[in-house]
Amino acid sequence: MSGITCTHENEAPADVGAMHHALFYRDAEEYVDGVSQFVAPALAAGEPVAIAVPGAKAGLLRERLGDLAEEIEILDMVELGRNPARIIPAVEMMLAKHDGQLLHYVGEPIWPGRSEEEVREATKHEALINLAWPGARIRVLCPYDATALDQRVLADAERTHPQLIRGGEHRPSAAYNGPTVPIACEQPLSASPPDAVALSFRLDQLIDVRALVSEQATAAGMEREGVMDLVLAVNELATNAVRHGDGGGTLHVWWRSTRVVCQVDDRGRITDPLAGRRTPAPDAAGGVGLWTVNQLCDLVEVRSSGTGTTVRVHVSLN
Amino acid sequence: LSIVVREQDRAAVLALDGELDIASIAQLEAEIERALRSDAELVVLELADLRFMDVTSLRVLVGSHQRAERCAKRLVLVNVGAQIRRLLTLTRVIDVLSVLDGPLELPQKLAP
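Let us look at the structure shown here.

About the criteria used
- Residues numbered from 1 in each chain as written.
- Chains lettered and ligands numbered in written order.
- Predicted model: local features only at pLDDT ≥ 70, side-chain atom pairs only at ≥ 80, totals over all residues.
- Heavy atoms only, no water.
- Helix = DSSP H or I, 4+ residues; strand = E, 2+ residues; numbered from the N terminus.
- Rg over C-alpha atoms; globule rule 2.2 N^0.38 Å.
- Buried < 20%, exposed > 50% of the residue type's maximum accessible area, 1.4 Å probe, protein only.
- Contact = heavy atoms within 4.5 Å.
- Areas by Shrake-Rupley, 256 points an atom, 1.4 Å probe, with all protein chains shown as cover.
- Lys, Arg positive; Asp, Glu negative; His and termini not counted.
- Charge placed at Lys NZ, Arg CZ, Asp CG, Glu CD.
- Pairing = 2+ DSSP bridges.
- Axes fitted to C-alpha atoms, helices over the stretch in contact; angles between N-to-C directions.
- Buried area = accessible area lost by both parts, 1.4 Å probe.
- Salt bridge = Lys/Arg side-chain N within 4 Å of Asp/Glu carboxyl O.
- Polar contact = N/O pair within 3.5 Å; in protein donor to acceptor, adjacent residues only side chain to side chain.
- Nonpolar A, V, L, I, M, F, W, Y, C, P; charged D, E, K, R; others polar.
- Expected span 1.5 Å × (residues − 1).
- Arc of directions from axis to C-beta.
- Phe/Tyr/Trp six-rings, centres within 6.5 Å; stacked < 30°, edge-to-face > 60°.
- Lys NZ or Arg CZ within 6 Å of the ring centre and 35° of its normal.
- 1 Å grid on protein atoms, 1.4 Å probe; cavity = no way out; pocket = protein on both sides within 12 Å on 5 of 7 lines; lining within 4 Å.
- Points joined across faces, edges and corners; volume = space filled by probe spheres on them.

Right, let's talk about the overall build of chain B for a bit. Within chain B, the secondary structure is distributed over four helices and five strands. Reading chain B from its N end, one meets helices and strands in the order β-β-α-β-α-β-α-β-α. Taking 2.2 N^0.38 as the reference for a compact globule, 112 residues should give roughly 13 Å; the C-alpha atoms of chain B span a radius of gyration of 13 Å, in line with that estimate. By principal-axis analysis of the C-alpha atoms, chain B measures approximately 30 × 25 × 25 Å. Of all 112 residues assigned to chain B, the portion counted as buried reaches 52%. Residue pairs in contact within chain B that sit at least 24 positions apart in sequence constitute 68% of those at least 6 positions apart.

Structure, rendered in structure tokens:
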């Protein structure tokens with residue numbers, strides 16, 4: 001996704017710097033203070049406010065904001081941001097709903113205990129926020145637990161946020177280098193494990209792709225509905241491979257006690273960094289496949305370069 | 001994918017058996033086109049035996065639905081299975097297409 005660096009670095013809309021803040025909080029008090037200071041003026045002005053944070057944090061904020069909390073759309077980030085690639089489309093729907101009003105959005109997509117893969121994708125999501133809504137009427141505050149999160153995670157947050165808030169003080173981030181995705185998020189994925197089942201496919205084998213995913217997911221103990229969703233998701237990845245990746249690709253499927261993982265490799269290249277993060281209209285002609293995959297899977301890792309595209313999707317078994 | 005076409009009254013009923021993806025959708029699209037050019041006023045897709053539908057096929061059906069409307073005809077889906085219903089709901093296409101529950105006689109009663 002070098003396209004972000006090359007194309008947009010010097011074209012960032014003037015208001016991006018003012019719109020995306022990281023709040024590094026050390027305790028619950030700094031958390032509620034920081035968030036209330038961000039949302040209170042908006043509420044007073046009658047502007048829309050939305051908060052997507054892990055459930056327990058939402059409780060703290062409700063307590064502090066009292067009656068004001070009723071004016072806020074509060075979402076559980078553990079659900080919404082399970083796959084971080086679902087957050088931008090969700091916020092985009094909020095922007096559409098509030099139609100031109102200034103939206104204050106608090107999003108906490110990274111919390112202690114998230115897996116390394118999840119943190120990497122959530123960090124990429126943070127970077128893409130700087131690209132997602134040029135010129136839109138939005139301000140974003142992203143709380144980070146400065147006590148419990150790894151230093152590398154906090155360092156990446158400084159790279160992905162133009163503005164930082166620490167101990168009540170605001171300052172521009174020296175590490176912010178325009179809307180680029182931190183290199184760590186673009187590293188190639190680990191090799192698929194030796195026990196993965198592999199299948200090369202072309203157009204006429206899409207049916208075999210679906211059969212293999214269905215068989216493996218069922219063997220892993222996945223519920224019927226989950227199997228249907230995973231089959232559809234992988235079918236869309238394989239369809240993209242047939243269409244854009246030299247007529248076909250390779251599927252790998254493996255499973256562990258907690259999840260099923262499917263990976264599609266092809267020779268195509270995804271150039272739009274926001275691919276799959278725009279909600280398609282019900283009658284849209286294209287751009288629906290990867291969006292659908294994001295809606296159906298718990299985590300989606302996309303790596304694309306001149307040599308090809310790898311998409312690895314994870315679906316939890318519980 | 002196999003498609004059995006039968007005409008009754010002024011309806012064309014296309015019974016689908018198999019799976020719909022980018023390898024098979026052209027076949028269905030051609031059958032729908034033929035039905036829309038016939039004197040049938042209603043085109044019914046009978047989906048009880050359709051085991052899978054992908055996103056591309058769904059888009060094609062939206063296009064066919066719009067063409068049907070333009071020539072004052074109707075395209076309806078009946079006996080939609082669990083996977084297809086989920087796809088329709090997720091993509092919100094269920095608000096665009098006509099989806100009827102229940103037995104196949106139902107759309108005939110609705111025919112003009």
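For the rest of this paragraph, the subject is the overall build of chain A. Helix and strand counts for chain A come out as eleven helices and twelve strands. Against the globule reference of 20 Å for 318 residues, chain A gives a C-alpha radius of gyration of 20 Å, in line with a compact fold. Taking the principal axes of the C-alpha coordinates as reference, chain A spans close to 60 × 40 × 40 Å. Put simply, chain A has 318 residues, and 53% of those count as buried. Taking the intrachain contacts of chain A between residues at least 6 apart in sequence as the baseline, contacts between residues at least 24 apart amount to 71%. Approximately 13,700 Å² of chain A is accessible, and the part contributed by carbon and sulfur atoms is 50%. For chain A, the separation between the mean place of its 28 positive charges and that of its 44 negative charges on side chains is 4 Å.

Moving on, we get to the sheet that holds strand 4 (residues 103–107) of chain A. Residues and elements named next belong to chain A. The mixed open sheet is built from seven strands, whose spatial order is 3-2-4-5-1-6-7. Strands at the two margins of the open sheet, each flanked by one partner only, are strand 3 (72–76) and strand 7 (169–172). Going across the sheet, the axis of each strand differs from the next one's by a mean of 20°, ignoring polarity. The pairing of strand 1 (residues 20–25) with strand 5 (residues 138–145) spans six bridges and is parallel. Looking across to strand 5, one finds that Phe24 is bridged to Tyr144. Most of the contacts of helix 3 (residues 28–44) go to strand 1, to which it runs at about 150°, and overall it touches strand 1, strand 2 (49–53), strand 3, strand 4 and strand 5.

As a further point, take the interface of chain A and chain B. Interfaces are often sized by the amount of accessible area the parts lose when they come together. Each partner contributes to the interface: chain A provides 30 residues, whereas chain B provides 21 residues. Taking both sides of the interface into account, the surface hidden between chain A and chain B amounts to around 2,000 Å²; carbon and sulfur atoms contribute 62%. Applying the counting criterion to the chain A and chain B interface returns four salt bridges. Across the salt bridge formed by Arg86(B) and Glu225(A), the nearest N and O atoms sit 3.7 Å from each other. Here chain A is connected to chain B by seven residue pairs in polar contact (both at pLDDT 80 or more). Looking at the side of chain A that touches chain B, the elements with two or more residues in it are helix 9 (206–219), helix 10 (224–244) and helix 11 (289–296) of chain A. Residues belonging to the side of chain A that touches chain B are distributed by class as follows: 16 nonpolar, six polar and eight charged.

Residue and element names in this part refer to chain B. Within the chain, Asp9 stands out as a residue other than glycine whose phi angle is a positive 50°. Its place among the elements puts Asp9 in the loop between strand 1 (2–8) and strand 2 (11–20). Given the relative accessible area of 71%, Asp9 is considered exposed. At Ala72, a residue that is not glycine, the phi angle is positive and equals roughly 55°. By the element assignment, Ala72 lies in the loop between helix 2 (55–70) and strand 4 (74–78).

In this section: helix 9 of chain A. Residue and element names in this part refer to chain A. A rise of 1.5 Å per residue sets the reference length of helix 9, with its 14 residues, at 20 Å; its end C-alpha atoms lie 20 Å apart and thus fit the reference within 8%. Among all positions in helix 9, only Leu206, Val209, Arg210, Leu212, Val213, Gln216 and Ala217 are buried. Each buried residue of helix 9 sits inside an arc of 165° when the element is viewed along its axis, so together they form one side. With its phi angle positive at about 100°, Gly221 sits one or two positions after the end of helix 9.

Let us now look at the packing of aromatic side chains. Residues and elements named next belong to chain A. On inspection of all chains with the given rule, the structure shows two aromatic pairs over all chains. Aromatic side chains Phe24 and Tyr144 sit 5.9 Å apart centroid to centroid with 40° between the ring planes, which places their arrangement in the tilted category. Residue Phe24 is found in strand 1, and its partner Tyr144 is found in strand 5; the two are separated by 120 residues along the sequence. Geometrically, the ring pair formed by Tyr25 and Tyr31 is edge-to-face, given 4.6 Å between the ring centres and 65° between the ring planes. The same class applies to Tyr25 as to Tyr31, namely buried. Over the ring of Tyr31 we find Lys57; its NZ or CZ atom is 5.0 Å from the centre of that ring. Its guanidinium or amino end placed over the ring of Phe24, Arg166 lies 4.3 Å from that ring's centre, counting from NZ or CZ.

Moving on to the sheet that holds strand 4 of chain B. Each strand in a sheet pairs with its neighbour through backbone hydrogen bonds, running either in the same direction (parallel) or in the opposite one (antiparallel). Residues and elements named next belong to chain B. The strand order across the open sheet built from five strands is 1-2-3-4-5, with neighbouring strands paired in mixed fashion. The open sheet terminates on both sides in strands that have one partner only, identified here as strand 1 and strand 5 (98–100). Taken over all neighbouring pairs, the strand axes of this sheet differ in orientation by 25° on average, direction set aside.

Residue and element names in this part refer to chain A. The calculated volume of the largest pocket comes to roughly 620 Å³. Lining the largest pocket are 31 residues, and of these Asn240, His244, Gly287, Gly289 and Leu290 lie nearest its centre. Residue classes in the lining of the largest pocket are distributed as eleven nonpolar, twelve polar and eight charged.

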